[in-house]
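Here is how the chains run, residue by residue.
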Amino acid sequence: MAHKTILEGTNPRLRSTSRPVRKINQHILDVLDDMGQTMYEERGVGLAAPQIGVFRRIVVLDVGDGIMELINPVIVSQEGQQREKEGCLSFGDERGYVLRPEKIVVRALDRNGQEKEYVGTGLLARVLAHEIDHLDGVLFVDKVVEWVEDEPADEAE
């Protein structure tokens, strides 16, 4: 495992659409491991592969229940709405309120190639939506409805 450099929000590559993972091989497993280590060392709760310059549909997250690794995640359904404070590892100390679904259902492969379905509410729903947006080149700053000035976030990305 290796800590990876996170691309800064001004990097135009973060606007790229990531390609699906066709085969889970050692390279993909190494990317998952590197992403997990980087996310933890940066004290984030989620990280998408494009943030470390890997333009594949891979996400890792941990909202307090252990690491979740999602390959080729797809949003199956979403409902409700929540307005909460967000940040992003690619944007340093910038924080803002974003509208996200209150509940989200995501289907993805795990590191073993098994399809799983994840149901998230609250923070988990926010992180899933935030990280999947990264895979499509959508950044949280695109969705901020109100910026937070000089106040640390309750949760970082």
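Heads up: these notes are all about the structure in this document. (Residues numbered from 1 in each chain as written. Predicted model: local features only at pLDDT ≥ 70, side-chain atom pairs only at ≥ 80, totals over all residues. Heavy atoms only, no water.)

Description of the overall build of the protein chain
A count of helical and extended segments in the protein chain gives two helices and eight strands. The helix and strand sequence of the protein chain, counted from the amino end, reads α-β-β-β-β-β-β-β-α-β. What you see for the protein chain is a C-alpha radius of gyration of 14 Å, in line with the 15 Å of a compact globule of 157 residues. If you line up the protein chain on its principal axes, its C-alpha atoms span 45 × 35 × 25 Å. Here the protein chain, with 157 residues, has 50% of them falling under the buried criterion. If you take every contact in the protein chain between residues at least 6 apart in sequence, the share linking residues at least 24 apart comes to 67%. (Helix = DSSP H or I, 4+ residues; strand = E, 2+ residues; numbered from the N terminus. Rg over C-alpha atoms; globule rule 2.2 N^0.38 Å. Buried < 20%, exposed > 50% of the residue type's maximum accessible area, 1.4 Å probe, protein only. Contact = heavy atoms within 4.5 Å.)

As for the environment of A108
Within the secondary structure, A108 sits in strand β6 (residues 103-109). Along the primary structure A108 and G120 are separated by twelve residues, whereas in three dimensions their C-alpha atoms are 13 Å apart. Beyond its immediate sequence surroundings of up to four residues, A108 is in contact with L70, I71, N72, P73, Q114, E115, K116 and Y118.

Quick notes on unusual backbone geometry
With glycine set apart, most residues show a phi of negative sign, and most peptide bonds adopt trans. Although it is not a glycine, R43 adopts a positive phi angle of roughly 60°. Note on placement: R43 falls in the loop between α1 (26-41) and β1 (46-48). Unusually for a residue other than glycine, N72 sits at a positive phi of about 55°. Residue position: N72 is located in strand β3 (residues 68-79).

Observations regarding the pattern of salt bridges
For the coordinates displayed, the defined rule picks out twelve salt bridges. Residue D33 pairs with R111 through a salt bridge whose shortest N-O separation is 2.6 Å. In this pair, D33 sits in helix α1 while R111 sits in the loop between β6 and β7 (115-121), placing the two residues 78 residues apart along the sequence. Classification of D33 as partly exposed rests on a relative accessible area of 24%. Residues R83 and E146 are paired through a salt bridge, measuring 2.2 Å at the closest nitrogen-oxygen approach. (Salt bridge = Lys/Arg side-chain N within 4 Å of Asp/Glu carboxyl O.)

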